[in-house]
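Inside the fold
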Amino acid sequence: MKKLIATMLALSLTIAVSGMAMAGTWDTKCIGCHKDGNALKAPTKDQLLGKYKSADALVKAGMSSKSPMMKASQKEDVLKEAATDLYK
Ligand code: HEC
């Protein structure tokens, strides 16, 4: 019985995690601040795509941003995932 519960728990966790992955890093971790018309003056998706020609350039810009708002997002792997979403 315990085993069955553990299996079901693991299964639902897997589904939850893959559901999040499907939403995309940009849509889960960045859009909150970077959405169109945001009051933070964070560049929108279209502005970023216009300004940076590749995912790598965007990651670099994100890593070197001086904005305290970007502090929590300045992890190269996270920025890379988000950039991959934008340039796919
Ligand atoms: C808490 C709000 C917030 C979150 C979350 C956030 N950002 Fe930002 N980001 C900003 C703000 C505000 C700026 C603009 C800073 C400025 O103009 O100096 C910015 C700037 C940037 C820049 C630099 C743009 C430029 O031209 O200088 C990039 C690239 C960027 N963000 C990418 C991302 C990515 C990718 C994510 C998700 C992993 C993310 N940001 C999450 C608020 C946020």
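Our subject is the structure that appears above.
The sections below set out a description of the structure shown in this document. (Residues numbered from 1 in each chain as written. Predicted model: local features only at pLDDT ≥ 70, side-chain atom pairs only at ≥ 80, totals over all residues.)

Concerning the overall build of the chain
Along the chain, the regular secondary structure elements total five helices and zero strands. Ordered by position from N to C terminus, the α and β elements of the chain give α-α-α-α-α. Here the chain holds 88 residues, and the buried ones make up 11% of them. Contacts in the chain between residues far apart in sequence, at least 24 positions, make up 52% of those at least 6 positions apart. (Helix = DSSP H or I, 4+ residues; strand = E, 2+ residues; numbered from the N terminus. Buried ≥ 20, exposed ≤ 12 C-beta atoms within 10 Å, placed from the backbone. Contact = placed C-beta atoms within 7 Å.)

A few points about the site of the ligand
Residues in contact with the ligand amount to 23 residues; listed here are only the nearest, Cys 30, Cys 33, Ala 42, Gly 62 and Ser 67. Those elements giving two or more residues to the shell around the ligand turn out to be α2 (25–34), α3 (45–51), α4 (55–64) and α5 (76–86). Looking at which element gives the most residues to the shell around the ligand, the answer is α2, with six residues. Within the shell around the ligand, the residues separate by chemical class into 13 nonpolar, seven polar and three charged. (Near = placed C-beta within 6 Å. Nonpolar A, V, L, I, M, F, W, Y, C, P; charged D, E, K, R; others polar.)

As for the nonpolar core
Listed in full, the seven residues of the largest apolar core are Cys 30, Leu 48, Leu 58, Val 59, Leu 79, Ala 82 and Ala 83. Of all elements in the fold, only α4 and α5 reach the threshold of two or more residues within this core. A per-element tally of this core places α5 first, with three residues. (Core = buried A, V, L, I, M, F, W, Y, C linked by C-beta atoms within 7 Å.)

Brief notes about α2
An α-helical turn contains 3.6 residues, so any two residues separated by three or four positions project in the same direction. Among the residues of α2, those classed as buried are Thr 25, Cys 30 and His 34. Looking straight down α2, one finds its buried side chains confined to an arc of 50 degrees; they lie on one side. Residues of α2 that are buried in the fold lie against α3 and α5. (Arc of directions from axis to C-beta.)

Some thoughts on the packing of α4 against α5
Relative to each other, α4 and α5 sit at 140 degrees, their axes nearing to 9 Å. Looking at the two axes, α4 sits oblique to α5. With respect to the hand of their crossing, α4 and α5 are arranged in right-handed fashion. Facing α4, whose interface residues are Ala 55, Leu 58, Val 59, Gly 62 and Met 63, α5 presents Glu 76, Leu 79, Lys 80, Ala 83, Thr 84 and Leu 86. Residue composition of the contact of α4 with α5, grouped by class: seven nonpolar, two polar and two charged. (Axes fitted to C-alpha atoms, helices over the stretch in contact; angles between N-to-C directions. Parallel < 35°, antiparallel > 145°, perpendicular 65-115°, else oblique. Left-handed = near helix turned anticlockwise from the far one by under 90°.)

Thoughts on the environment of Ser 54
Tracing the chain through its elements places Ser 54 in the loop between α3 and α4. Remark: the alpha-carbon pair of Ser 54 and Ala 83, spanning 29 residues in sequence, is separated by 8.3 Å.

Purely spatial values, then, with no claim about function.
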